[in-house]
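Architecture at a glance
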Amino acid sequence: EAYRRSGLHREAMQILSRGLKVHPHYLLGHLVMAECFADEDKWEDVYKTLRPFSQIHFDNLKLQSLFAKAAYKNYSMTEALQAYKCVLFLDPNNQEVRLRIRELEENEKNYFAYLNKEIPQKVKTQISPTLGSDQHDSSHDWSLMGGMKFDEEFLETEEEDLSQWSVSSCVF
């Protein structure tokens, strides 16, 4: 982490790579590696690094925040929405995350309209075979995504009203 903060990303990544070979399940090592990738604007690598841990460590605010941003930047909107909801669960006063959840849920309501926006061709080619055909691929269906859901009333709750908020506001 000290090397990364000092801007010595290559050195940090070399040390992390060696350490993770010996201790492949060391979450903090993977998290710092992902932060190095993020510092270098390599969001696909951030996504690949954190994805295996995102569904296990729902309680890690730093991991969920970074993974949510990486998923969003890689057009994996279902995973981004789920991760942002974890972040909101852990940090209910985060207004920026509330806005991002609203944005993603609006896109959820009209998912196919979202696909028609300008997105990288590699993503379009991965998804387009199911568009306009009678085939239905549930992996791209927002309505089947599962994960946590916040009701509209909770998302509009003012900060001072959050003392009444509980896990029951969120459904897994």
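Heads up: the structure comes first, above all this text.
Everything numeric here is computed off the predicted structure, so don't read it as measured data.

**Observations regarding the packing of aromatic side chains**
In this structure the tally under the stated criterion is one aromatic pair. One residue, R100, lies across the ring of Y72, its end atom 4.0 Å from the ring centre.

**Re helix α3 (residues 27-39)**
Here α3 spans 18 Å end to end across 13 residues, near enough to the 18 Å set by a 1.5 Å rise per residue. Burial analysis of α3 places 11 of its 13 residues in the buried class, the great majority of the element. For α3, the secondary structure elements touched by its buried residues are α1 (2-5), α2 (9-22), α4 (43-54) and α5 (61-73). D41 sits one or two positions beyond α3 and adopts a positive phi of about 60°.

**Quick look at a nonpolar patch on the surface**
Residues Y3, L8 and I15 make up a contiguous nonpolar surface patch of roughly 250 Å² in combined accessible area. One can find Y3 in helix α1.

Rules behind the numbers
Residues numbered from 1 in each chain as written. Predicted model: local features only at pLDDT ≥ 70, side-chain atom pairs only at ≥ 80, totals over all residues. Heavy atoms only, no water. Phe/Tyr/Trp six-rings, centres within 6.5 Å; stacked < 30°, edge-to-face > 60°. Lys NZ or Arg CZ within 6 Å of the ring centre and 35° of its normal. Helix = DSSP H or I, 4+ residues; strand = E, 2+ residues; numbered from the N terminus. Expected span 1.5 Å × (residues − 1). Buried < 20%, exposed > 50% of the residue type's maximum accessible area, 1.4 Å probe, protein only. Contact = heavy atoms within 4.5 Å. Patch = residues over 30% accessible without salt bridge, like charges linked within 9 Å, V, L, I, M, F, W, Y side chains within 5 Å. Areas by Shrake-Rupley, 256 points an atom, 1.4 Å probe, with all protein chains shown as cover. Salt bridge = Lys/Arg side-chain N within 4 Å of Asp/Glu carboxyl O.

Remember that the coordinates give geometry; whether it matters functionally is a separate question.
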